[in-house]
Amino acid sequence: MKKIEIFETAMCCSTGVCGPSVDSELLRITNLMDSLKDNKEIKAFRYNLTSNPQVFVVNKTILNLLQSKGNEILPVTMVDGTVIKTGDYPTMSEFQAHCETLDEAESGSCCDTSEGCCVVDEEIGVKVESKTKGPCCDGNTGCC
């Protein structure tokens, strides 16, 4: 089982939808982490410096990075205890390079893009409702 941990800067919310504008990177990461909640092969955790300060102190790797580099090092992403990226969130390609089963987690959807229901916004990596609705977007499926 893979373990993904993301250590983030202090912020009021992790969704990226608070404040005057939407942060597309936070929205992408929120969507990815939500998609991994029921994954039996990957356990994913997000830690916010405001909400979970104790985790930053207990994890010696993170504590050392913060002491030597400062808060600018955040976000830090670890897979199985190894730092894979600092200062920015990993791309899907970077995640996939470390988590073979991530492809399966991301592909699970009631929407088939050939039906025109949901599409992945390549810029932010999030499934969004298409302008043309297919048969699965009847308002009851929750996919769009």
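Residues numbered from 1 in each chain as written. Predicted model: local features only at pLDDT ≥ 70, side-chain atom pairs only at ≥ 80, totals over all residues. Heavy atoms only, no water.

Peer 1: Lay out the overall build of the chain in plain terms, naming residues and giving numbers.
Peer 2: The number of helices and strands found in the chain is 5 helices and 6 strands. Along the chain, helices (α) and strands (β) appear in the sequence β-α-β-α-α-β-β-α-α-β-β when read from the amino end. For the chain, with 144 residues in total, the buried portion stands at 38%. Sequence-distant contacts in the chain: of pairs separated by 6 or more residues, those separated by 24 or more amount to 52%. (Helix = DSSP H or I, 4+ residues; strand = E, 2+ residues; numbered from the N terminus. Buried < 20%, exposed > 50% of the residue type's maximum accessible area, 1.4 Å probe, protein only. Contact = heavy atoms within 4.5 Å.)

Peer 1: How would you explain the side chain of Asn48 if you had to name every residue and give the values?
Peer 2: Mapped onto the fold, Asn48 is located in strand E2 (residues 42-48). A distance of 2.6 Å separates a polar atom in the side chain of Asn48 from the backbone nitrogen of Thr50. Leaving out residues up to four positions away in the same chain, Asn48 has contacts with Glu8, Thr9, Ala10, Met11, Pro53 and Phe56. (Polar contact = N/O pair within 3.5 Å; in protein donor to acceptor, adjacent residues only side chain to side chain.)

Peer 1: Can you break down the packing of aromatic side chains residue by residue, with the values?
Peer 2: Inspection of the entire model under this criterion finds 3 aromatic pairs. Judged by centre distance (5.0 Å) and plane angle (40°), the rings of Phe7 and Tyr47 are tilted. Taken together, the residues Phe7 in strand E1 (residues 2-8) and Tyr47 in strand E2 connect sequence positions 40 residues apart. Geometrically, the ring pair formed by Phe45 and Tyr47 is stacked, given 6.3 Å between the ring centres and 0° between the ring planes. Taken together, the ring pairs in this structure connect Phe7, Phe45, Tyr47 and Phe56 into an aromatic cluster. (Phe/Tyr/Trp six-rings, centres within 6.5 Å; stacked < 30°, edge-to-face > 60°.)

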